[in-house]
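# Coordinate analysis (summary)
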Amino acid sequence: MRDYLQVVLGSAIIALAFNVLLLPNHIASGGVNGISTIINFLTGWTPAFIQWTLNIPLFAAGIFFLGYQFGIKTFVGTMAVPLFVFLSQSFKPWTNEPLIAALFGGVIVGIGLGIVFRGKASTGGTDVVAQILHKYTHLSLGICMALIDGFVVMIAMGVFGIESGLYALIALFATSKTIDLVQVGMDQSKTVMIISEHQEEIREAVLYKIGRGITRLKAQGGYTDSEKQILLCVIQQRGFQKLKEVVQEIDPDAFVVVMSASEVMGEGFNS
């Protein structure tokens, strides 16, 4: 129930920022919301209906290409954002200054998305397209998201002008940084050390379910003097919650140590 409440609350916050800051200032900062901003300007169609029209087939495509991994919570997020956009469409703009709208709109959207992610869901939309590209092109998920959002921003530049597109980039940057702050504070990654009697199952789950690398370290018990192995994994926060769930599901008695990693370098880590 807490997860669903987070998804609904986060969706409401995203919709509020869209209606009172981004839409009235023509800031199309990527994603389905950005596309709806452009189409609304060109046609006058209601943004919420545009978002529903795009989100439903994208969610169906995600199920077809990626399987039933999204879950009901992501479906709730996919439907909830347009619903709250529709309910708050009569709210008056908070500012007519594009720079202020871009900064605070990006921050508030980031807060909403961060809360949705904490509820172990997403708002669907172009995230689904990015995951499909990631699966079939083997580009990193971050690059796929950047390509899609960049494409939307380029269209916005053609419709609203270059200055509006630059404001959209500011909003995107503010959103991405705020998501990290909501989820993990100033920490970007976690170093996780796992001691378990079910190491092989955990190793396979980390490698193939989560898609992260893992290292085995030799160790010796201080009390029993017996030889043990420690599983070491460095993971970005967006996947950290899933790692915890996987470990707890396989071995509730596993001994897990989590440390912040302020900077991580190495081939493949950002993929």
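Anything mentioned here points back to the structure above.
Residues numbered from 1 in each chain as written. Predicted model: local features only at pLDDT ≥ 70, side-chain atom pairs only at ≥ 80, totals over all residues. Heavy atoms only, no water.

## Digging into the pattern of salt bridges
Threshold: Any Lys or Arg side-chain nitrogen found within 4 Å of a carboxyl oxygen on Asp or Glu counts as a salt bridge. Working definition: helices are DSSP H or I runs of at least four residues, strands are E runs of at least two. Numbering for both runs from the N terminus. Whether a residue is buried, partly exposed or exposed follows from its accessible area with a 1.4 Å probe, protein chains only, as a fraction of its type maximum: under 20%, in between, or over 50%, in that order.
Tallying each qualifying case throughout the model produces two salt bridges. Put simply, Glu200 and Arg203 hold a salt bridge, and the shortest N to O gap is 2.6 Å. Of this pair, Glu200 and Arg203 are both found in helix α9 (residues 199-210), three residues apart, which corresponds to roughly one turn of the helix. When its relative accessible area of 33% is taken as the criterion, Glu200 is described as partly exposed. Its relative accessible area of 21% is what places Arg203 among the partly exposed residues. For Glu200, the salt bridge identified is with Arg216, shortest N-O distance 2.5 Å. Of this pair, Glu200 sits in helix α9 while Arg216 sits in strand β2 (residues 215-220), placing them 16 residues apart in sequence.

## A short note on the nonpolar core
Note the cut-off: For the purposes of this section, nonpolar cores are sets of buried Ala, Val, Leu, Ile, Met, Phe, Trp, Tyr and Cys residues that join through side-chain atoms within 4.5 Å. Whether two residues touch is decided by their heavy atoms; if any such pair falls within 4.5 Å, the residues are in contact.
Core analysis: the biggest nonpolar cluster contains 28 residues, and Ile27, Val85 and Leu113 have the highest contact counts within it. Elements with a minimum of two residues in this core: α1 (2-22), α4 (71-87), α5 (98-118) and α8 (162-184). For this core, the leading source of residues is α1, giving nine residues. The contact partners of Ile27, leaving out residues within four places of it in the chain, are Leu22, Thr37, Pro98, Ala101, Ala102, Tyr167, Ala168 and Ala171.

## Quick word on a nonpolar patch on the surface
Quick reminder of the rule: Exposure above 30% relative accessible area and no salt bridge define the residues that can form patches, which grow by joining like charges within 9 Å and nonpolar side chains of Val, Leu, Ile, Met, Phe, Trp and Tyr within 5 Å. Values of accessible area rely on a 1.4 Å probe in the Shrake-Rupley scheme; residue burial ignores everything except the protein chains shown.
There is a patch of nonpolar side chains on the surface, built from Met1, Tyr4, Leu5, Ile72 and Phe75 and spanning about 540 Å² of accessible area. Structurally, the position occupied by Met1 is in the segment before α1. Assessed through its relative accessible area of 72%, Met1 is described here as exposed.

## Some words on the packing of α1 against α5
To keep things clear, this is the line we draw: All axes are obtained by fitting lines to C-alpha atoms, using only the stretch in contact for helices, and the reported angles, taken between N-to-C directions, cover 0 to 180 degrees. The labels follow the angle: roughly parallel below 35 degrees, roughly antiparallel above 145, roughly perpendicular from 65 to 115, and oblique for the rest. Left-handed is the label given to a crossing in which the near helix is rotated counterclockwise from the far helix by less than a right angle, and right-handed is the label when the rotation is clockwise. Under the grouping applied here, Gly and all other residues not named as nonpolar or charged are polar, the nonpolar ones being Ala, Val, Leu, Ile, Met, Phe, Trp, Tyr, Cys and Pro and the charged ones Asp, Glu, Lys and Arg.
The geometry of α1 relative to α5 is characterised by a closest axis approach of 7 Å and an angle of 165° between their N-to-C directions. With respect to their mutual orientation, α1 and α5 come out roughly antiparallel. The hand of the α1/α5 crossing is left-handed. When α1 is examined against α5, the residues Asp3, Gln6, Val7, Leu9, Gly10, Ser11, Ile13, Ile14, Ala17, Leu21 and Leu22 are found in contact with a partner set consisting of Ala101, Phe104, Gly105, Ile108, Val109, Ile111, Gly112, Leu113, Ile115, Val116 and Arg118. Among the residues forming the contact of α1 with α5, the class breakdown is 15 nonpolar, five polar and two charged.

## Things to note about the environment of Arg203
As for Arg203 and Leu231, which are separated by 28 residues in sequence, their C-alpha atoms are 7.6 Å apart. Setting aside residues up to four positions removed in sequence, Arg203 forms contacts with Ile214, Arg216 and Leu231.

## Section: the packing of aromatic side chains
Note the threshold: Whether two aromatic rings pair depends on their centres lying within 6.5 Å, for rings of Phe, Tyr and Trp, where Trp uses its six-membered ring; planes under 30 degrees apart make the pair stacked, over 60 edge-to-face, and the rest tilted.
One pass over the full model with this rule turns up four aromatic pairs. For the ring pair Phe41 and Phe160, a centre distance of 4.9 Å and an interplane angle of 65° mean the geometry is edge-to-face. Of this pair, Phe41 sits in helix α2 (residues 31-43) while Phe160 sits in helix α7 (residues 141-160); the two residues are 119 residues apart in sequence, bridging distant segments of the chain. Of the residues examined, Phe160 reaches a relative accessible area of 17% and is grouped as buried. Members of the aromatic cluster, connected to one another through ring pairs, are Phe49, Trp52 and Phe86.

## Here's the deal with unusual backbone geometry
Even without being a glycine, His26 presents a positive backbone phi close to 55°. With respect to the element layout, His26 can be found in the loop between α1 and α2. Using a relative accessible area of 30% as the deciding quantity, one classes His26 as partly exposed.

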